[in-house]
Amino acid sequence: MSDGGAVIGPDGLARCPWGLEAESRADYRAYHDTEWGRPVHGDDALYERICLESFQSGLSWLTILRRREGFRAAFADFSIPKVAAFTAADEERLLADPGIIRNRAKIAAALANARAAAELAPGELDGIVWSYAPPAGRPAPRTFADVPAITPESTALAKDLKKRGFRFIGPTTAYALMQACGLVNDHLADCHVRG
């Protein structure tokens, strides 16, 4: 792992190093192998990922993964129409919910983002997000030093979403969303999931 490239796990498969972090191997490995970098479509599914990436800001992804079911329960399975209808009482309920991250700004952003998404036509959020997928042909990263934190596409996506009323999503969060939802494939070149 000294070069920052893929690491061989106990099962003999090469993975991105974060997919094998010792204290959280099972949680990260499952997410790495079955979700991260795979295409996600659908307005509610993308709204969920926008929320989770926003809540992750400043925290470890493991914290979010381990509370994911709590988030789903608290946010009505990320149903855009349901969350868009949440009231001030719902916001207070969320602030008291130990199953999620109780950050007032992030909760307010999640509710504002549901309302912004509800203003869009069905399928439009999916179309907007995927319109920023970069063209194919970018070389596979060999190490995580080759993986950018932001790109022109993530900057443009963040700007577009903000223009539409979305909050708490800057270029870095937008790029993390793009990675998580398969708009870009940042699995390292030697990672078994890449292919």
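Residues numbered from 1 in each chain as written. Predicted model: local features only at pLDDT ≥ 70, side-chain atom pairs only at ≥ 80, totals over all residues. Heavy atoms only, no water.

1. Examining the UniProt feature "binding site: Zn(2+)" (unreviewed entry) in the chain
- Under the local residue numbering, the UniProt record ascribes the feature "binding site: Zn(2+)" (unreviewed entry) to Cys16, His32, His187 and Cys191. On the basis of their most widely separated C-alpha atoms, the annotated residues across 176 residues gather in one place, lying no more than 10.2 Å apart.
- Tracing the sequence through the fold places Cys16 in the loop between β2 (14-15) and α1 (25-34).
- Each residue touching Cys16, except ones within four places of it in the same chain, is listed here: His32, Phe144, Asp186, His187, Leu188 and Cys191. (UniProt positions renumbered as here; feature names shortened; annotations may be inferred. Helix = DSSP H or I, 4+ residues; strand = E, 2+ residues; numbered from the N terminus. Contact = heavy atoms within 4.5 Å.)

2. Some words on unusual backbone geometry
- Notably, Ala76 is not glycine yet its phi reads approximately 50°, a positive angle.
- Residue placement: Ala76 occurs in the loop between α4 (68-74) and α5 (80-84).
- For Ala76, a relative accessible area of 23% corresponds to the partly exposed category.
- Residue Asp77 is not a glycine yet carries a positive backbone phi of 55°.
- Relative to the elements of secondary structure, Asp77 occurs in the loop between α4 and α5. (Buried < 20%, exposed > 50% of the residue type's maximum accessible area, 1.4 Å probe, protein only.)

3. Some points on the packing of helix α6 (residues 88-95) against helix α7 (residues 104-118)
- Where α6 meets α7, the axes come as close as 10 Å, and the angle between the chain directions of the two elements is 140°. Comparing the axis directions of α6 and α7 gives the class oblique. The way α6 lies across α7 gives a crossing that is right-handed. Listed contacts from α7 to Glu91, Glu92, Leu94 and Leu95 of α6 are Arg104, Ile107, Ala108 and Leu111.
- Per-class residue counts for the contact of α6 with α7 are five nonpolar, no polar and three charged. (Axes fitted to C-alpha atoms, helices over the stretch in contact; angles between N-to-C directions. Parallel < 35°, antiparallel > 145°, perpendicular 65-115°, else oblique. Left-handed = near helix turned anticlockwise from the far one by under 90°. Nonpolar A, V, L, I, M, F, W, Y, C, P; charged D, E, K, R; others polar.)

4. Digging into the pattern of salt bridges
- Scanning all chains against the criterion turns up 15 salt bridges.
- Between Arg15 and Asp33 there is a salt bridge, and its shortest N-O distance comes to 2.7 Å. In this pair, Arg15 is assigned in strand β2 and Asp33 in helix α1, connecting sequence segments 18 residues apart. We note that Arg15, like Asp33, is buried.
- The partner of Arg164 in a salt bridge is Glu124, with the nearest N and O atoms 3.8 Å apart. Of this pair, Arg164 sits in the loop between α9 (152-163) and α10 (171-180) while Glu124 is found in helix α8 (residues 124-130), placing the two residues 40 residues apart along the sequence.
- Residue classification places Arg164 among the partly exposed residues on the basis of a relative accessible area of 31%.
- Overlapping salt bridges bring together Glu35, Glu48, Arg49, Arg68, Glu69 and Arg72 as one network. (Salt bridge = Lys/Arg side-chain N within 4 Å of Asp/Glu carboxyl O.)

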